[in-house]
Each structure stands twice: as C-alpha cells, then as structure tokens.
Amino acid sequence: MIGALVALTTVTVALDGLVGLPGGVLAGRWIGEDSVVSAPPATPRPVVPPLSASPVLSPATGDTAPDPAALAKVLAPILDEAALGPRVGAVVVDVATGSTLYSQSPGTPRPPASTAKLLTATAALELIGPDARLITRVVETPAGVGAAPATTPVIFLVGAGDPSLRSEPGGGDPSVRTLARRTAAALGTRDISQVRLRFDATLFDPPTASPAWPKAYVASGVVAPVSALSVDDARVSDPARVAADTFAEELAAAGIKVRGEVTPAAASAQAVDLAAVQSRPVGALVEQMLTTSDNDFAEAFGHLNAVAAGQPATFEGGAAATLAAVRALQVDTVGSALFDGSGLARSNRVSAETLTRLLAVIASPGHPELSSVQTGLPIAAFSGTLENRFLLKPAAGAAGLVRAKTGTLTGITGLAGTVQDREGRVLAFAFLADRIPEGGVLEAPAALDRAAAALAGCGCR
C-alpha cells in the first residue's frame, strides 16, 4: 500500500490539560510543546560555527574516549540538581566504540515527551525511505463504472498522508492550487468544464486522536486531528472535508465547475490518474519535524510507518511499526510503549538507554539512510527548539557543539542527541527527568543544557 504514496514519484498550549503555558509560533503555526521552555535571548547570540551538515559524523576524532570516572565527577552533580527532581535517567555512549561512559537508571522506561519523535523519524526513514515522496493525487472514475454519470466525470481527491500540503504554493511544498490547475488542464484537453467531486482519506484508519491524549490537545491546537488528507496544518474538526472544499474552490477558479455536494468516498480500483503533486523527500520532512518538533508531521509519519509495514494505519499500528523498525537496528526497546508518534501521550514509555543506543546508531557511518535524523536535530543556540537555549554560561560554551531533540510536558523534560567533546570525540546521550518540581519549567531544561555542555567541555581523559 505504501506504493500508492510514492508511485508518482494564539492559542495556549494546555499541557496535560491542566497547566496553560505559552506556545511557540513558526511560520504561522504552532510547533509543539517544546517551545514552552524557549526564553527570549538574554545576551547576544554567540558567533560559533555549528556542526557540519555532513550526513555522517566522524565519531572518533579524539584519540580516546572520556574516562567514565572523570566524566561522572563532572556530570553527576548537575543531574542531581533539585530542579530535575528525584527521577532522572541518563546514558552517555561513545559513538566510535559503543561503550557506555555514564549511566544513571539507564533502563527505566519513562515518558519521553517529544524525544519520542526520534523513534518515529528513524522508522520513517527505514520503512518509507529518505528519498520517497508523498503523492496527493486526483483520479477519475471512468464513465460507466459504478454510479458515475456518463456526461459528468466523477473525480476523487486522494490523500497520501502528506502533512506539508498547503492551499497556496510556497516554500517548496505541494499546494492544492497547483493540483487544481493541473487537474483543470487535464480535463481541458477533453473539453470538460464540470465534474462531481469526492474525497478519499481512507489511507488512515480512525480514530483521528489518540485515546491517550487529553481532549484539550486537539481542541486547543496542540495537535491537529490525524487525517490522510489535510491542508494548511488542519486545525479543524474535519481536515479532509476542508481540504476537499479548498480544492473545489481552486477548481472553480481554474474554470472547472463542481456540481452537487462534495462527499467522502473511496476511489475505485479502476480509477485513472488525472493530476498529482508531490512532497519534498521524506528525509527533508523528517528534518523539519525534528527541528521544529512538529506534532502533526510526527503523527502523519506514525501512521505512514504503519502503512509501510503492513500494519493497520492507526496509532496502535504506527507504534508497533515504529518499535519494530527500531528493534531491527539492533536497539533494545525492552519496556518501551508508544501511544502516538509525537510523544504527546503521557503514557508513552522509553528508556534513556534506548534513546542513546538509537542515537549512536544514527550517528555512526553504518546507516547513511538515517542522516536526516542527525541533520534535523536542533543545534544548540542556533536552530529549532534549541535556538534560544545554550545562550548563558556555562551552557553557552556548547553552542554549536550539541545537536539534540528536546522533550517537554508538564513535570517532564528531556534532551537527547549528540555532542562533540573538547577533544572532538562524538558522544551520544539522553537525559530524561519525569518528576520535575512544580515551577521548574525553565530551571529543569537549563540544567539539562548544562549537563550537555559539561559533555562538550570535558576532556575527562
């Protein structure tokens, strides 16, 4: 079924439904819970070059890995800070050798918050492929098939789960306007000026919201209803219908009249292609998802992972496909449980050991197909959800040296990524704290920044 995807190749974020915290806006959209801890820059941004965008790191630049005992003396006091609460999981691994340099409750599964997107992204690259593109199509039911009138063609707008579809062209993303104009041009070659329109979002199965989410998540715009057909981020109750209505308007503007009601229906197996638009490569979409912590992209890829793996295209199917893909990389997922693709569900469980081992695989030269995860990770003090972090000493010393995925829910914070230490050695790490004291929404992430900075600054030989 995945072949259908690539064949044509403000609002306040109510975390946990209880505590309202200001969200963040990027390009006119809400980008996820991680933005709640991004404070405005307090000092001029340091001029530090970021890590090379090369898809494969050189993990053994330093002659030797840090000494575990020396590293513990630097790292343990930071992870024991009161701001992080009494339950902290932490693992640091030398990417070149795979040896564990530091561990603290490594195998205890904890709510990962948005660090769960690392698993979703990895699975998407493994199952769908970094070069694949998501194809939104318009197909036509030939005259005489089913109930199709002989004089008025029936066309179907068929969703492929592309979360980047926009109403108007721009930014390299596919648009409904472009699709409508291509459809009108195809129909015009046969002198057709009116059609009946149906829309097909059957690639994904219900429900559109994870049963593990508070209802406030969708209602307040933290995440959109998950649909195989959506446009402009879909902060509406019926994304597929709104997409179809938008397409109908663009068809009319292109000279094609839509007769009758626009209704949902599955396209016939005998339907023929009229027009299509395609997304940027999956690798590019994964990069965007990780950099901005985009919940909608993550949920779309969770479901697409299920489709690619032959699982039901549901939250449960996506979780099963994602964890299986991670295990296939020889990463232990014992104790892991996923209920969505974004990490919004507080019932998700992943250990610091699983995250770190996965990051070590991603950063190694053995899996170049996963390079979009590494290049998509926010860069300390420079990009995404880390743009306004690592700006104050002592964490500022790690600006440009840390690439990491953030994770934030009420009472929970995480940071998982890679860092170059003072000798140039690449280390993978994951820090998860799930009992943050009340009022620690800024102090706890700052402590994790200091911990990552300690890895960057410690030769510890």
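Check the entry above for the structure.
K.L.:
Is there a simple way to explain the nonpolar core in this structure?
P.N.:
One broad trend across soluble globular proteins is that nonpolar side chains are buried collectively. Among the nonpolar cores identified, the biggest contains 60 residues, and Leu118, Leu119, Val286 and Phe301 are the most heavily contacted of them. Contributing elements (two or more residues each) for this core: β5 (88–94), α3 (117–127), α7 (282–292), α8 (295–308), α9 (315–328), α10 (352–363), β14 (412–420) and β15 (426–433). By residue number, the principal contributor to this core is α10, which donates 8 residues. In this structure, leucine 118 is in contact with Leu290, Leu355, Leu358, Leu359, Val373, Leu377, Lys405 and Ala416, ignoring residues within four places of it in sequence. Val88, Ala454, Leu455 and Ala456 belong to the second-largest nonpolar core, a separate cluster that totals 38 residues.

K.L.:
Just checking my understanding: could you explain the packing of helix α2 (residues 68–79) against helix α12 (residues 443–457) for this structure?
P.N.:
To characterise two packed helices, one gives the angle between the axes of the helices and the distance between these axes. It is the contact of α2 with α12, at a shortest axis distance of 9 Å, that shows an interaxial angle of 175°. Relative to α12, α2 is oriented roughly antiparallel. In this structure, α2 uses Leu71, Val74, Leu75, Ile78 and Leu79 to contact α12, whose residues at the interface are Ala447, Leu448, Arg450, Ala451, Ala454 and Leu455. A per-class count over the contact of α2 with α12 returns 10 nonpolar, no polar and 1 charged.

K.L.:
Got a minute to help me understand the packing of aromatic side chains in this structure?
P.N.:
The description of an aromatic ring pair uses the distance of the two centres, along with the angle that the planes make with each other. Tallied over the entire structure, the rule returns 2 aromatic pairs. Ring centres 5.4 Å apart and planes at 75° place the aromatic pair tryptophan 213 and phenylalanine 315 in the edge-to-face group. With tryptophan 213 in the loop between β9 (194–200) and α5 (216–219) and phenylalanine 315 in helix α9, this pair connects stretches of sequence that are 102 residues apart. In this pair, the class of tryptophan 213 matches that of phenylalanine 315, namely buried.

K.L.:
Where do I start with the side chain of lysine 117 in this structure?
P.N.:
Mapped onto the elements, lysine 117 comes out in helix α3. In this structure the side chain of lysine 117 is engaged in a polar contact, spanning 2.9 Å, whose partner is the side chain of asparagine 295. Here the side chain of lysine 117 touches serine 342 through a polar contact of 3.0 Å, landing on its backbone oxygen.

K.L.:
Got a minute to help me understand α9 in this structure?
P.N.:
The end-to-end C-alpha distance of α9 is 20 Å, a good match for the 20 Å that 14 residues give at a rise of 1.5 Å each. Of the residues making up α9, those classed as buried are Phe315, Gly317, Gly318, Ala319, Ala321, Thr322, Leu323, Ala325 and Val326. Those residues of α9 that are buried are in contact with α3, α8 and α10. One or two positions beyond α9, positive phi appears at glutamine 330, with a value near 65°.

K.L.:
Any chance you could explain the sheet that holds β15 here in plain terms?
P.N.:
Spatial strand order, β6-β5-β15-β14-β13: 5 strands in an open sheet with antiparallel pairing. Edge strands, defined here as strands with exactly one partner in the open sheet, are β6 (100–104) and β13 (402–409). Sheet twist, expressed as the average angle between the axes of neighbouring strands with direction ignored, equals 5°. Relative to β14, β13 runs antiparallel, the two sharing 8 bridges. Looking at the pairing, glycine 407 lines up with glycine 414 of β14. Contacts from α10 reach β5, β6, β14 and β15 within the one sheet, and its direction differs from that of β15 by about 155°. Running at roughly 20° to β14, α12 makes contact with β5, β13, β14 and β15 of the sheet.

K.L.:
Looking at this structure, how should I read the environment of glutamate 250?
P.N.:
Here glutamate 250 shows up in helix α6 (residues 239–253). Note on glutamate 250: relative accessible area 13%, which makes it buried. C-alpha of glutamate 250 to C-alpha of arginine 181: the two residues are 69 residues apart in sequence and 7.6 Å apart in space. If we ignore the near neighbours within four places in the chain, the residues touching glutamate 250 are Ser167, Val176, Arg177 and Ala180.

K.L.:
What am I meant to see in the state of the cysteines here?
P.N.:
The tally for this structure, following the rule as stated, stands at 1 disulfide. The side chain of cysteine 458 participates in a disulfide bridge whose partner is cysteine 460; the two sulfur atoms lie 1.1 Å from each other. Handedness here is read from the sign of the S-S torsion; for cysteine 458 and cysteine 460, about 70°, the answer is right-handed. Residue class for cysteine 458 comes out buried when judged on its relative accessible area of 8%. Using a relative accessible area of 11% as the deciding quantity, one classes cysteine 460 as buried.

About the thresholds
- Residues numbered from 1 in each chain as written.
- Predicted model: local features only at pLDDT ≥ 70, side-chain atom pairs only at ≥ 80, totals over all residues.
- Heavy atoms only, no water.
- Core = buried A, V, L, I, M, F, W, Y, C linked by side-chain atoms within 4.5 Å.
- Buried < 20%, exposed > 50% of the residue type's maximum accessible area, 1.4 Å probe, protein only.
- Helix = DSSP H or I, 4+ residues; strand = E, 2+ residues; numbered from the N terminus.
- Contact = heavy atoms within 4.5 Å.
- Axes fitted to C-alpha atoms, helices over the stretch in contact; angles between N-to-C directions.
- Parallel < 35°, antiparallel > 145°, perpendicular 65-115°, else oblique.
- Nonpolar A, V, L, I, M, F, W, Y, C, P; charged D, E, K, R; others polar.
- Phe/Tyr/Trp six-rings, centres within 6.5 Å; stacked < 30°, edge-to-face > 60°.
- Polar contact = N/O pair within 3.5 Å; in protein donor to acceptor, adjacent residues only side chain to side chain.
- Expected span 1.5 Å × (residues − 1).
- Pairing = 2+ DSSP bridges.
- Disulfide = S-S within 2.5 Å.

The quantities given are spatial measurements derived from coordinates; they are silent on function.
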